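# Chain and residue survey
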Amino acid sequence: MWGNMRRFALTILVIALFLGLPQWARAQSAVQVTDVGVFDDFGQQVTFQARIQAPIPITNASLVFRDNFDEIVRRFPVDVGEDGIVTYRYDITQNVLRPFVTLTFWFEVSLQNGETFKSDNYRVQYIDDRFTWQQQADGTLRVHWYEGDAAFGDALLDAARRSLNAVNGLLPAPADASIDIYVYGSTSDLQSALFLGGEDWQGGHANPKLGVVLLAITPGPGQSIEMETLIPHELAHVMLYRSVGDGYNALPVWLNEGIASLAELYPNPDYEQALMTASRNGSLLAIADMCDAFPLDASRAFLAYAESQSFVRFLRDTYGTSGLFSLASASADGLNCDQGSMRALGTSLANLDTRWRESVLGENVAGVFLRNMLPYLGLLVFMLLIPMIGFFQRRPADDRAR
Ligand SMILES: [Zn+2]
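Read on for an overview of the structure.

Parameters at a glance
Residues numbered from 1 in each chain as written. Predicted model: local features only at pLDDT ≥ 70, side-chain atom pairs only at ≥ 80, totals over all residues. Heavy atoms only, no water. Helix = DSSP H or I, 4+ residues; strand = E, 2+ residues; numbered from the N terminus. Buried < 20%, exposed > 50% of the residue type's maximum accessible area, 1.4 Å probe, protein only. Contact = heavy atoms within 4.5 Å. Areas by Shrake-Rupley, 256 points an atom, 1.4 Å probe, with all protein chains shown as cover. Pairing = 2+ DSSP bridges. Axes fitted to C-alpha atoms, helices over the stretch in contact; angles between N-to-C directions. Arc of directions from axis to C-beta.

### What about the overall build of the protein chain?
- In terms of helices and strands, the protein chain carries nine helices and 14 strands.
- Sorting the 402 residues of the protein chain into buried and exposed places 44% on the buried side.
- Taking as baseline every contact in the protein chain between residues at least 6 positions apart, the subset at least 24 positions apart corresponds to 66%.
- Summed over all atoms, the accessible surface of the protein chain reaches about 20100 Å², with 53% contributed by carbon and sulfur.

So, in structure tokens, the structure goes:
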């Protein structure tokens, strides 16, 4: 029966986790769960199987699992065959699973005499098995790739190490949890993985909660620049999540993307030009307008990245990494863009925007403001002068009266 499966990318990792033995343990010695296996057919289905045997007839059996992304517990009744074999096919086309999540699963059994039983927990990672991944690791930092030779893997791991150092210079993130960087050989391969995982296409992709980064880098002359841009950027998202927790999703987009862009080892040579042109044309985006989202239009989005990186650098240089982290923490606590700025840095976002434009882009915002206000100021002075003229004209008369 199992031989009919389209793919035999067999279990990468099935580990029995000998967790506690709660009330379920009454029938533990009697019920045996063996031959546990998982077959995944990426983007299609995951098949769970096991052999469950008990000396007393089994009335009900279920497969239960949850993944480490949304942590929803899913429970499915399974039939136990005469030989004790149970099989459950989880249809991913109907219920999407994120690529590279880890599934924790177990079996629950009820016996005819009323006893219940829960098996050990098992774990399996839902890997994109359409490719044969190679791996290199340095401690908890792992890189995976399938296109390119061992030297390509060396370069990836080296870039990942340097990226982590750069990120650690920006964020006080804990370094103990593992990070997996999966490097696809082409954007179309990555695109299809994200599509099968129910996610939109993006240039790079981090799933910070899982500690998983997905990238597309084709081995070749451009690989170094791509490694030094994409790896630190996505790693920064992961470490930012680890430093602020679930409040990560509430961070202003300019702050999140600004920190990630600032971590890049290879500075984008076009950012400076984009900033200067927009500054000259008066077409800069207000930082406050990039709290919730970046523009959809590609060139405006490019400018948004350039501005965010420059603005975050300005904040880092002015308030230090501790100021930057305070701001991230305040935002993660649920304060909005301006409240976060007031609490963490003691000033409004608009004021910081002005100071950034003046000190980094050389704009004279106060001067421009004054120039724009000049006609009104003239009018104001004129209106103040009229009563003064009247006052001076009346003075001689007043003197005579006294
Ligand atoms: Zn990003």
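Still more to cover.
### Brief notes about the sheet that holds strand β12 (residues 179–184)
- A sheet is described by the order of its strands in space; here five strands give the open sequence β10-β11-β12-β14-β13, paired in mixed fashion. The open sheet has two edge strands with one neighbour each: β10 (134–138) and β13 (205–207). Each strand axis lies, on average, 15° off the axis of its neighbour in the sheet, ignoring direction.
- With five bridges connecting them, strand β11 (residues 141–145) and β12 associate as parallel partners. For Leu141, the partnering residue across the bridge sits in β12 and is Ile179.
- Docked against the sheet, helix α1 (residues 150–168) engages β10, β11 and β12, running at close to 145° with respect to β11.

### So, helix α5 (residues 269–281)
- Listed in full, the buried residues belonging to α5 are Tyr271, Leu275, Ala278 and Ser279. The arc enclosing the buried residues of α5, seen along the axis, measures out at 100°, which places them on a common side. Seen from the buried face of α5, the exposed residues on the opposite side, beyond 90 degrees, are Pro269, Gln273, Arg280 and Asn281.
- Where α5 is buried, its residues meet α6 (298–332) and α8 (349–359).

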